[in-house]
Amino acid sequence: MLKTLDQLQQLRLEDGRTVACTSPAEARMLWSEMSTDGFYRLAAVLLRPGDIALDIGANIGLSAMMFADTCPGVRVIAAEPAPATFDCLQRNMAAHVPDGVPLQVAVAAAPGTAPFTWYPRASANSGLYADRQADDEATEIYLRNSGLNDEAIALITAGLHDGEHMEVEVTTVSAILAEHGPNAEVGLLKIDVERAELDVLLGIAEADWRRIRAVVAEVHDRDDRLARCCELLGRHGLFARTRQDPSLRGTELHEIYAIRPETV
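Residues numbered from 1 in each chain as written. Predicted model: local features only at pLDDT ≥ 70, side-chain atom pairs only at ≥ 80, totals over all residues. Heavy atoms only, no water.

Caption draft 1: Representation of the side chain of Ser126 within the structure. Along the chain, Ser126 turns up in the loop between strand 7 (112–118) and helix 5 (132–145). At a separation of 2.9 Å, a polar atom in the side chain of Ser126 contacts the main-chain amide nitrogen of Tyr119. A polar contact is formed between the side chain of Ser126 and the backbone oxygen of Ser123, at a distance of 2.9 Å. Those residues in contact with Ser126, other than ones at most four positions away along the chain, are Phe116, Thr117, Trp118, Tyr119 and Glu194. (Helix = DSSP H or I, 4+ residues; strand = E, 2+ residues; numbered from the N terminus. Polar contact = N/O pair within 3.5 Å; in protein donor to acceptor, adjacent residues only side chain to side chain. Contact = heavy atoms within 4.5 Å.)

Caption draft 2: Quick look at helix 5. With 14 residues, helix 5 extends 20 Å from end C-alpha to end C-alpha; this agrees with the ideal 20 Å at 1.5 Å per step. Among the residues of helix 5, those classed as buried are Ala134, Asp135, Asp136, Ala138, Thr139 and Leu143. Contacts made by the buried residues of helix 5 are with helix 6 (150–157). Of the residues one or two after helix 5, Gly147 is the one with positive phi, at around 100 degrees. (Expected span 1.5 Å × (residues − 1). Buried < 20%, exposed > 50% of the residue type's maximum accessible area, 1.4 Å probe, protein only.)

Caption draft 3: Spotlight on the pattern of salt bridges. If you walk through the whole model with that rule in mind, you get 18 salt bridges. We note a salt bridge from Asp51 to Arg213, for which the minimum N-O separation is 2.6 Å. Within this pair, whereas Asp51 is found in the loop between helix 2 (39–44) and strand 3 (52–56), its partner Arg213 is found in the loop between helix 9 (206–209) and strand 10 (214–220), the two being separated by 162 residues in sequence. Neither Asp51 nor Arg213 differs from the other in exposure class; each is buried. Of the charged contacts in the structure, one is a salt bridge between Asp131 and Arg222, with a shortest N-O distance of 3.0 Å. Note that Asp131 is positioned in the loop between strand 7 and helix 5 and Arg222 in the loop between strand 10 and helix 10 (225–235), a separation of 91 residues in sequence. Several salt bridges share partner residues, and in doing so they unite Asp131, Asp135, Arg195, Arg222 and Glu252 into one network. (Salt bridge = Lys/Arg side-chain N within 4 Å of Asp/Glu carboxyl O.)

Caption draft 4: Up close: the side chain of Thr117. Mapped onto the elements of the fold, Thr117 is located in strand 7. A relative accessible area of 13% means that Thr117 is categorised as buried. Within polar-contact distance, the side chain of Thr117 engages the side chain of His165 at 3.1 Å. Each residue touching Thr117, except ones within four places of it in the same chain, is listed here: Ser126, Gly127, Ala130, Gly163, Glu164 and His165.

Caption draft 5: A look at the packing of aromatic side chains. Counted according to the given criterion, the structure contains 1 aromatic pair. Each ring, one from Phe39 and one from Tyr257, has its centre 5.5 Å from the other, and the planes form 40 degrees; the classification is tilted. You can see Phe39 sitting in helix 2 and its partner Tyr257 sitting in strand 12 (residues 253–259), a full 218 residues away along the chain. According to the relative accessible area criterion, Phe39 is buried, its value standing at 6%. Cation over ring: Arg243 sits above Phe39, and NZ or CZ is 5.7 Å from the ring centre. (Phe/Tyr/Trp six-rings, centres within 6.5 Å; stacked < 30°, edge-to-face > 60°. Lys NZ or Arg CZ within 6 Å of the ring centre and 35° of its normal.)

Caption draft 6: Geometry of the packing of helix 1 (residues 24–34) against helix 3 (residues 62–70). For the pair helix 1 and helix 3, the least separation of the axes is 9 Å and the interaxial angle reads 30 degrees. Accordingly, the angle class assigned to the pair helix 1 and helix 3 is roughly parallel. Once helix 1 is placed against helix 3, the crossing between them reads as right-handed. Only Leu62, Ser63, Met65, Met66 and Asp69 of helix 3 make contact with helix 1, whose side of the interface consists of Ala27, Leu30, Trp31 and Met34. Grouping the amino acids of the contact of helix 1 with helix 3 by side-chain chemistry returns 7 nonpolar, 1 polar and 1 charged. (Axes fitted to C-alpha atoms, helices over the stretch in contact; angles between N-to-C directions. Parallel < 35°, antiparallel > 145°, perpendicular 65-115°, else oblique. Left-handed = near helix turned anticlockwise from the far one by under 90°. Nonpolar A, V, L, I, M, F, W, Y, C, P; charged D, E, K, R; others polar.)

Caption draft 7: The arrangement of the nonpolar core in detail. The biggest cluster of nonpolar side chains holds 44 residues, and the ones touching the most others in it are Leu54, Ile56, Leu189 and Leu201. Among the elements that line this core, the one with the most residues is helix 10, at 4 residues. Once residues lying within four places of it in the same chain are set aside, the contact partners of Leu201 are Leu189, Ile191, Trp209, Cys229, Leu232 and Leu233. (Core = buried A, V, L, I, M, F, W, Y, C linked by side-chain atoms within 4.5 Å.)

Caption draft 8: Expanded view of the packing of helix 5 against helix 6. Viewed as axis vectors pointing N to C, helix 5 and helix 6 meet at an angle of 140 degrees, and their least axial separation amounts to 10 Å. By the criterion of interaxial angle, the relationship of helix 5 to helix 6 is oblique. Handedness of the helix 5/helix 6 crossing: right-handed. Residue-level inspection shows Asp136, Thr139, Glu140, Leu143 and Arg144 of helix 5 in contact with helix 6, the latter providing Asp150, Ile153, Ile156 and Thr157. Residues belonging to the contact of helix 5 with helix 6 are distributed by class as follows: 3 nonpolar, 2 polar and 4 charged.

Given below as structure tokens:
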């Protein structure tokens, strides 16, 4: 059963702000990622007041908060389909992201509906293409790379990816822009959608690409997906570079940061 509103939890951040979450441990880890000098922050510092920051796979809204913190005056539009996670997103944006727009929707190549798997204990790994075995393996590798022993890893991962299945509404980047920002520049398109990242890029209409100055994406490199994403971005004038965090070596997880050369 999905978490009800009274089952949601809270985490107090180091700066004194409180956020709603479904797992304080997961939220603490995600906020730590927002605080490092990774690709998200590199892209965020180039945002300008009046830009749209389009946060696809926003989870509980911590990346949306970081974008708003980094550039006051940016308009964050954040998409997250799972009901319990979206409830946290909505609350956190209302409290900490001025003029933010939370949308309860998945984003892919075409509008419609689709099956979605939500992991209550690991909401950031939820998605349209959830793969329990692969998600378990990636988590085990991450924890081992982080210095944990096998006994601790077994305790942490037991039941971590027990999923709940639902149908969710699906839209596209271009449909979101047509409704919520028909004339604004997209200073940043952030994508973290657990194997649907190429689908998100394929849902951008040709006329909208020129409005996008930067893209940051987590990519699961299956079926040459990393190269295909980079090629698609390059075809639309965005110079892409990639990295893999040392803690994720041995997994399929990589990051892309793509930017228009004239932006800097």
